[in-house]
There are 2 protein chains.
Amino acid sequence: MMESEVKRQVTLRMLKEYAAKSVYYVPAAVSNRHIHLSQDALEALFGKGYTLEQFKPLSQPNQYACEEKLTFVGPKNKMDGIRILGPVRSATQIEFSLTDAFYLGIPPVVRMSGDLKDTPGGKLIGPNGEYMLTSGVIISQCHLHASKEEAAWYGLKDGDSVCVRKRGLRTVLFENVLVRAGDTHSLELHFDTDEANSALIENSDLLEVVRSWEI
Amino acid sequence: MMESEVKRQVTLRMLKEYAAKSVYYVPAAVSNRHIHLSQDALEALFGKGYTLEQFKPLSQPNQYACEEKLTFVGPKNKMDGIRILGPVRSATQIEFSLTDAFYLGIPPVVRMSGDLKDTPGGKLIGPNGEYMLTSGVIISQCHLHASKEEAAWYGLKDGDSVCVRKRGLRTVLFENVLVRAGDTHSLELHFDTDEANSALIENSDLLEVVRSWEI
């Protein structure tokens with residue numbers, strides 16, 4: 001087990017004990033811009049039969065950052081070096097911050113992962129070719145991943161909405177954090193870089209969970 | 001009077017009437033990266049006796065955006081086209097977002113305007129020369145400008161701290177907004193672009209003022 005995973009398990013055990021005493025904290029992670037590819041897109045960009053190479057595992061079960069990076073071309077600017085996250089998915093999805101969207105010239109559409117209807121598209125450029133998306137580019141809505149058991153520590157279930165607070169010089173309460181609870185999730189709050197910067201949030205920071213009736 | 005100023009006066013009158021009925025809203029403004037120059041820096045960068053040319057007035061009394069832009073050189077990257085705000089000040093001050101600071105490679109120090117002790121520096125490049133700063137680069141702490149009379153509408157005074165809420169898909173409560181009240185201020189909440197993006201705030205949006213004892 002990697003050191004980071006040991007640390008994570010120690011943190012989770014501590015958070016469970018605190019929650020049992022009605023002190024509710026969750027660990028945060030900051031998502032930089034990234035790409036999820038469909039099998040079709042992967043083969044168009046890298047060649048038939050290509051397999052992504054793992055760079056490092058992520059906290060969510062079976063998810064990993066890849067060695068491979070791509071270029072995205074927007075109406076106003078292009079951006080190089082955008083990391084791919086694996087494994088491949090049923091649909092290609094690209095997640096940018098609002099700062100990125102303004103730079104690239106794409107309409108900033110805030111969505112939950114997978115909700116891609118009527119989202120903007122763009123062009124991906126890889127080592128073996130290009131891939132045009134007609135949709136799939138989103139600004140991610142902040143959310144809390146949790147297994148069903150972890151969600152229950154906080155009295156939460158899949159589909160709930162919670163508030164989380166980061167204290168500091170920039171104390172911020174995010175009031176519309178969607179809970180995604182299930183077997184494919186592990187306890188972690190996901191923010192994009194704009195949200196992280198607005199509240200000085202860094203990876204592994206612990207944020208306070210505030211139930212809406214306590215605000 | 002320009003159309004934008006008429007709109008602003010209408011808004012202020014409405015906000016005063018609402019506040020009298022205990023409904024508290026304030027107008028927001030988003031500050032992009034910008035530079036305030038000292039006379040010394042101005043002359044080093046543009047030449048002796050140079051005068052800044054007004055591009056457009058700002059909401060704060062006697063403040064204006066200038067036609068002139070400069071290049072800033074950080075340890076990791078440089079950035080062109082950073083607008084100067086006038087008039088000149090006693091000390092040169094540059095305000096970036098955290099996103100900018102990471103890109104430029106400068107330590108992100110969150111401060112109120114004017115509080116420049118132990119802040120990072122960098123190099124400015126203008127059409128007539130360069131200017132080295134040993135300090136003066138900050139990430140601005142969000143704040144509420146108001147005249148003494150406007151602050152009183154909300155039961156606030158200079159130095160107070162308030163919470164403000166932006167509602168929407170990204171509902172966010174900023175809990176540490178410093179009040180700067182006095183003759184040189186006019187009612188306006190100032191956020192940097194990271195804060196604005198984290199809560200989908202645009203110029204002239206009205207945000208709810210929440211007194212800390214109501215949270």
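Residues numbered from 1 in each chain as written. Chains lettered and ligands numbered in written order. Predicted model: local features only at pLDDT ≥ 70, side-chain atom pairs only at ≥ 80, totals over all residues. Heavy atoms only, no water.

1. Side note on the overall build of chain A
Secondary structure summary: chain A contains five helices and 15 strands in total. In terms of C-alpha radius of gyration, chain A reaches 18 Å, essentially the compact-globule figure of 17 Å for 215 residues. For chain A, long-range pairs separated by at least 24 residues make up 68% of all intrachain contacts whose partners lie at least 6 apart in sequence. As displayed, chain A has an accessible area near 10,200 Å², and 50% of this comes from carbon and sulfur atoms. Taken as two groups, the 24 positive and 28 negative side-chain charges of chain A have centres that lie 2 Å from each other. (Helix = DSSP H or I, 4+ residues; strand = E, 2+ residues; numbered from the N terminus. Rg over C-alpha atoms; globule rule 2.2 N^0.38 Å. Contact = heavy atoms within 4.5 Å. Areas by Shrake-Rupley, 256 points an atom, 1.4 Å probe, with all protein chains shown as cover. Lys, Arg positive; Asp, Glu negative; His and termini not counted. Charge placed at Lys NZ, Arg CZ, Asp CG, Glu CD.)

2. What about the packing of aromatic side chains?
All names here are of chain A. Under the definition given, this model contains ten aromatic pairs over all chains. Considering the side-chain rings of Phe72 and Phe96, the 5.1 Å spacing of their centres and the 65° angle between planes classify their relative orientation as edge-to-face. In this pair, Phe72 is assigned in strand S4 (residues 64-73) and Phe96 in strand S6 (residues 93-96), connecting sequence segments 24 residues apart. By relative accessible area, Phe72 is classed as buried at 0%. (Phe/Tyr/Trp six-rings, centres within 6.5 Å; stacked < 30°, edge-to-face > 60°. Buried < 20%, exposed > 50% of the residue type's maximum accessible area, 1.4 Å probe, protein only.)

3. With respect to the domain arrangement of chain A
All names here are of chain A. Taken domain by domain, chain A comprises domain 1 (3-30 + 142-214) and domain 2 (32-140). In this structure, domain 1 and domain 2 have C-alpha centres spaced 25 Å apart. Every contact between the two is made by 16 residues of domain 1 and, on the other side, twelve residues of domain 2. Interface of domain 1 and domain 2: buried area, both sides summed, is about 1,100 Å²; carbon and sulfur atoms make up 46% of it. Applying the counting criterion to the domain 1 and domain 2 interface returns four residue pairs in polar contact (both at pLDDT 80 or more). Elements that contribute at least two residues to the side of domain 1 that touches domain 2 include exactly strand S11 (143-146), strand S13 (172-181), strand S14 (188-192) and helix H5 (193-198). A total of three residues in the side of domain 1 that touches domain 2 trace back to one element, the largest contributor, which is S14. Its residues placed into classes, the side of domain 1 that touches domain 2 shows three nonpolar, seven polar and six charged. (Domains from an automatic or database assignment. Buried area = accessible area lost by both parts, 1.4 Å probe. Polar contact = N/O pair within 3.5 Å; in protein donor to acceptor, adjacent residues only side chain to side chain. Nonpolar A, V, L, I, M, F, W, Y, C, P; charged D, E, K, R; others polar.)

4. Here we look at the relation of the copies chain A and chain B
When chain A is fitted to chain B, the residual RMSD is 0.0 Å, and the transformation amounts to a turn of 180° plus an axial shift of 0.0 Å. In symmetry terms, the pair is related by a two-fold rotation axis. (Least-squares fit on C-alpha atoms with pLDDT ≥ 70 in both.)

5. A closer look at unusual backbone geometry
All names here are of chain A. Here Gly86 and Pro87 are connected by a cis peptide whose omega angle stands at 0°. If you trace the backbone, Pro87 turns up in strand S5 (residues 78-89). The phi dihedral of Asn62 falls on the positive side, at around 65°, and the residue is not glycine. Along the chain, Asn62 turns up in the loop between strand S3 (54-57) and S4. Here the phi dihedral of Ser204 falls at roughly 75°; this positive angle occurs in a residue that is not glycine. Position of Ser204 relative to the elements: it lies in the loop between H5 and strand S15 (206-210).

6. Observations regarding the confidence of the model for chain A
This prediction gives chain A a mean pLDDT of 95; 98% of its residues lie at or above 70. Predicted as a complex, the structure gets a pTM of 0.93 and an ipTM equal to 0.92. (pLDDT = per-residue confidence, 0-100.)

7. A few points about the environment of Ala28 of chain A
Residues and elements named next belong to chain A. Mapped onto the elements of the fold, Ala28 is located in strand S1 (residues 25-31). In this structure, the C-alpha to C-alpha distance between Ala28 and Glu202, residues 174 residues apart in sequence, is 7.4 Å. Apart from residues no more than four positions distant in its own chain, Ala28 is found in contact with Glu188, Leu189, Phe191, Ile201, Glu202, Asn203, Ser204, Asp205 and Leu207.

8. Side note on the side chain of Asp100 of chain B
Tracing the sequence through the fold places Asp100 of chain B in helix H3 (residues 98-104). Every residue in contact with Asp100 of chain B, bar those within four places of it in the chain, is listed here: Arg33 and Met79 of chain B.

9. Remarks on the pairing of strand S2 (residues 34-38) of chain A
Residue and element names in this part refer to chain A. With five of five residues buried, S2 is to be regarded as a mostly interior element. With burial as the criterion, each face of S2 is covered, one bearing His34, His36 and Ser38 and the other bearing Ile35 and Leu37. Taken together, the three bridges between S2 and S6 define a ladder with antiparallel strand orientation. Residue pairing across strands places His36 opposite Gln93, the latter belonging to S6. (Pairing = 2+ DSSP bridges.)

10. Some words on the interface of chain A and chain B
If you look at the interface, chain A gives 25 residues, while chain B gives 25 residues. In this assembly, chain A packs against chain B so that about 2,200 Å² is buried in total across both faces, 53% of it on carbon and sulfur atoms. A salt bridge links Asp192 of chain B to Arg170 of chain A; the shortest N-O distance between them is 2.8 Å. Secondary structure elements with two or more residues in the side of chain A that touches chain B: helix H3 (98-104), strand S10 (137-140), S13 and H5 of chain A. (Salt bridge = Lys/Arg side-chain N within 4 Å of Asp/Glu carboxyl O.)

11. Re the pattern of salt bridges
It is possible for side chains of opposite charge to pair when their charged atoms get near one another. The full count for this structure, using the stated rule, is 32 salt bridges over all chains. The salt bridge partner of Arg165 of chain B is Glu208 of chain B, with a shortest N-O separation of 3.7 Å. You can see Arg165 of chain B sitting in strand S12 (residues 161-166) and its partner Glu208 of chain B sitting in strand S15 (residues 206-210), a full 43 residues away along the chain. Of the two residues, Arg165 of chain B and Glu208 of chain B, both sit in the buried class. Salt bridges sharing partners connect three or more residues here, namely Arg165, Arg167 and Glu208 of chain A together with Glu175 of chain B.

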